[in-house]
Amino acid sequence: MTYSGAVKVGGPADVHELTELMISKVAVGPMDNNAYLLRCRATDEQLLIDAAAEPATLLSLIGDSGIASVVTTHRHGDHWGALREVVDATGARTYAGRYDAEGIPVPTDVPVEDGDTIRVGDVELTARHLVGHTPGSIALVYDDPHGHPHLFTGDCLFPGGVGNTWGDPESFARLLDDVENKLMSALPDETWVYPGHGGDTTLGAERPHLAEWRERGW
């Protein structure tokens, strides 16, 4: 089956099969959050991005092999609603951006800075700190040596724009600057984008609209 990234709450996960990494995307909870399970194909170690909601759904996706770690992309409650249950069931290490960790009620074992590396088995993910949606949001980059990069953006970048900054011009400008400088300028058009809600996109699909977003202010 070809991966599309189109998932719905109550429906099955969609699986993106890469040479060294398996990415399973599932939608959970009343805000249609995306959670992503990453599995290193060489070691079978697993990592979950955003234990957002529906712990039973997430634990079923994880399966008997468990997970080594959970990364929370930012402090908003719809992205960590199942974190306590998942950590209690699996004993996973917790990661979050250093400047958002205080807003997440489950203790963060590893506070993450811009440029830090997070491993899942033999696979390396690089964290990018993005300010504006929250003070400490992080995106994760997997630079696939067999293809194009893969980018997990939380609520900082979606098809059609950056994340919500609630009408604050300074926060909007900072978020758009970070998206431009740390993501768009550093990664190619082919980069596949996995957001915190809704469908996927690519940087190439969004790049032509940066000036339009800046002009409209959201």
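These numbers come from a predicted model, not from an experiment.

Asker: What should I look at first to understand the overall build of the protein in this one?
Answerer: When its secondary structure is counted, the protein shows five helices and 15 strands. Taking 17 Å as the expected radius of gyration for a compact globule of 218 residues, we find that the protein reaches 16 Å, a close match to that expectation. Reported as C-alpha extents along the three principal axes, the dimensions of the protein are approximately 50 × 35 × 30 Å. Taken over 218 residues, the protein has a buried fraction of 51%. Counting contacts in the protein only where the partners sit at least 6 residues apart, residues at least 24 apart contribute 51% of the total. Here the protein displays about 9300 Å² of accessible surface, and carbon together with sulfur accounts for 50% of that area. Charge centroids of the protein, computed over 15 positive and 34 negative side chains, lie 1 Å from each other.

Asker: Even after reading the chapter, I still don't get the environment of Glu17, so can you show me in this structure?
Answerer: Tracing the chain through its elements places Glu17 in strand E1 (residues 14-17). Taking the C-alpha atoms as reference points, Glu17 and Ser185, 168 residues apart in sequence, are found 26 Å from one another. Every residue in contact with Glu17, bar those within four places of it in the chain, is listed here: Met22 and Arg41.

Asker: Explanation requested: helix H2 (residues 83-90) in the structure shown.
Answerer: Owing to its 3.6 residues per turn, the α-helix brings residues three or four apart onto one side. Among the residues of H2, those classed as buried are Leu83, Val86 and Val87. The arc enclosing the buried residues of H2, seen along the axis, measures out at 95°, which places them on a common side. Residues of H2 that are exposed and point over 90 degrees away from its buried face: Asp88 and Ala89. In this structure, the buried side of H2 is in contact with strand E4 (46-49), helix H1 (55-62), strand E5 (69-72) and strand E6 (93-97). Backbone geometry just after H2 places Gly91 at a positive phi near 70°.

What counts as what
Residues numbered from 1 in each chain as written. Predicted model: local features only at pLDDT ≥ 70, side-chain atom pairs only at ≥ 80, totals over all residues. Heavy atoms only, no water. Helix = DSSP H or I, 4+ residues; strand = E, 2+ residues; numbered from the N terminus. Rg over C-alpha atoms; globule rule 2.2 N^0.38 Å. Buried < 20%, exposed > 50% of the residue type's maximum accessible area, 1.4 Å probe, protein only. Contact = heavy atoms within 4.5 Å. Areas by Shrake-Rupley, 256 points an atom, 1.4 Å probe, with all protein chains shown as cover. Lys, Arg positive; Asp, Glu negative; His and termini not counted. Charge placed at Lys NZ, Arg CZ, Asp CG, Glu CD. Arc of directions from axis to C-beta.

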